[in-house]
Amino acid sequence: MQNKIDEIKKNAIKAIEEACGVDNLNEVKVSYLGKKGELSKLLKGMKNVAPEDRPKIGQMVNEARAMIDEQMSKKRAEIQKKIREEKMSREVIDVTLPGRKPLVGHRHPNQIALEDLERVFIGMGYEVVEGPEVEYDKYNFELLNIPANHPAKDEQDTFYITKDILLRTQTSPVQARIMETGKMPIRVLSPGRVFRSDEVDATHSPSFHQVEGLVVDKGITFADLKGTLQQWATEFFGPATKVKFRPHHFPFTEPSAEVDITCFKCGGKGCRMCKGSGWIEILGCGMVHPKVLSDCGIDPDVYSGFAFGIGLERVTLLKYEIDDMRLLYENDVRFLKQF
Ligand code: DAH
């Protein structure tokens, strides 16, 4: 019996030593210490052993088990150490190498222009507010004095979601939303995305941005509007910039005007930028129509106001002399990094 046990021990130790991985070692464990392993088989054979010898043999088997188990643990630790070392040597880090810079984007020229623009108006006491991009017909058209049969409401220009809900075609609906709250005086700037069913080309996109301005108080006149926009133009485009108001028509303002600025490239002499005229069209504006005021719950006999709408892409393209609007939407970092 003693010989048998010694032999099992010897074989087990050899097998443990030769084991070449954790899985292999587990197999060895099962074949020697498992329920059907060598030592268990030996114990099962005990019925042939004289009863008085049984405790002694039992003890010998247990000692063998403990010894094999210990060898196993040692070997397991060895294998694990080796795996760890191999992994470490594969993952050497050379701390003297220059770091890899994470790719960061760049502020979009639209955003830079918007913040410049906002800074000027915030300096004049304006508050920046935002309105929803998915808007009711009521705010986008009706309250702005744009009647049901107006061409702007045509499906060719407007993305409708239902008969009454649409993607706003302008930021002007924010005017109605602010006036409706009834808090006076009003001095807000409202930038945001607008949508029109346009084909993409160098100057058009189905989605672009506008910045709406609105002032309502007692005694606001067209002179306030002119002074405000002149101030913005000089701060935004440069001190030599002059503004010109051309009569125009918008349903929600009366009188209405379009504003041109002197070309900042040629100073008004005429160049490619201003197509030879010396002037560049920049925005629409006017005095808030009395009907719009009263429909929004403001008494036009007490209050008056002015409004303006700036095309953000338009001023961004001009300010940075970019000749194709599509560049603004491609978001190629090589392009964006120039600003
Ligand atoms: N919403 C107009 C447009 O999209 C622009 C505009 C013109 C806004 C005159 C105004 C304004 O607030 O007074 O063409």
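Here is what the cut-offs are and how they apply
Residues numbered from 1 in each chain as written. Predicted model: local features only at pLDDT ≥ 70, side-chain atom pairs only at ≥ 80, totals over all residues. Heavy atoms only, no water. Helix = DSSP H or I, 4+ residues; strand = E, 2+ residues; numbered from the N terminus. Rg over C-alpha atoms; globule rule 2.2 N^0.38 Å. Buried < 20%, exposed > 50% of the residue type's maximum accessible area, 1.4 Å probe, protein only. Areas by Shrake-Rupley, 256 points an atom, 1.4 Å probe, with all protein chains shown as cover. Domains from an automatic or database assignment. Pairing = 2+ DSSP bridges. Contact = heavy atoms within 4.5 Å. Axes fitted to C-alpha atoms, helices over the stretch in contact; angles between N-to-C directions.

A. Local environment of the overall build of the protein chain. The helix and strand inventory of the protein chain stands at 12 helices and nine strands. Taken over the C-alpha trace, the protein chain has a radius of gyration of 41 Å; the compact-globule value for 339 residues is 20 Å, which it surpasses by more than 25%. Structurally, the protein chain occupies a C-alpha span of about 120 × 45 × 40 Å along its principal axes. When each of the 339 residues of the protein chain is scored for burial, the buried share is 42%. Total accessible area computed for the protein chain in this model is approximately 19,700 Å², and 52% of it derives from carbon and sulfur atoms.

B. Structural context of the domain arrangement of the protein chain. In terms of domain boundaries, the protein chain breaks down into domain 1 (2-90) and domain 2 (109-336). A C-alpha centroid distance of 85 Å is found between domain 1 and domain 2.

C. Quick look at the sheet that holds strand 8 (residues 279-288). Spatial strand order, 1-4-5-9-8-7-6: seven strands in an open sheet with mixed pairing. The two strands at the open ends of the sheet, each matched to only one other strand, are strand 1 (127-128) and strand 6 (243-250). Bridge count between strand 1 and strand 4 (residues 186-195): two bridges; the pairing is parallel. Bridging from a neighbouring strand, Val128 pairs with Leu189 of strand 4. Here helix 5 (residues 109-123) sits on the sheet in contact with strand 1, strand 4, strand 5 (207-217) and strand 9 (304-311), set at roughly 165 degrees to strand 4. On the sheet, helix 7 (residues 173-180) packs against strand 4, strand 5, strand 8 and strand 9 and is oriented at approximately 35 degrees with respect to strand 5.

D. View of the environment of Lys291. With respect to the secondary-structure elements, Lys291 resides in helix 9 (residues 290-295). When the C-alpha positions of Lys291 and Glu78 are compared, they lie 89 Å apart, and in sequence the two are 213 residues distant.

E. Structural context of unusual backbone geometry. The residue after Met184, namely Pro185, is reached through a cis peptide bond having omega -10 degrees. Structurally, the position occupied by Pro185 is in the loop between helix 7 and strand 4. One non-glycine residue, Asn145, adopts positive backbone phi at about 65 degrees. In this fold, Asn145 is placed in the loop between helix 6 (137-140) and strand 3 (165-167).

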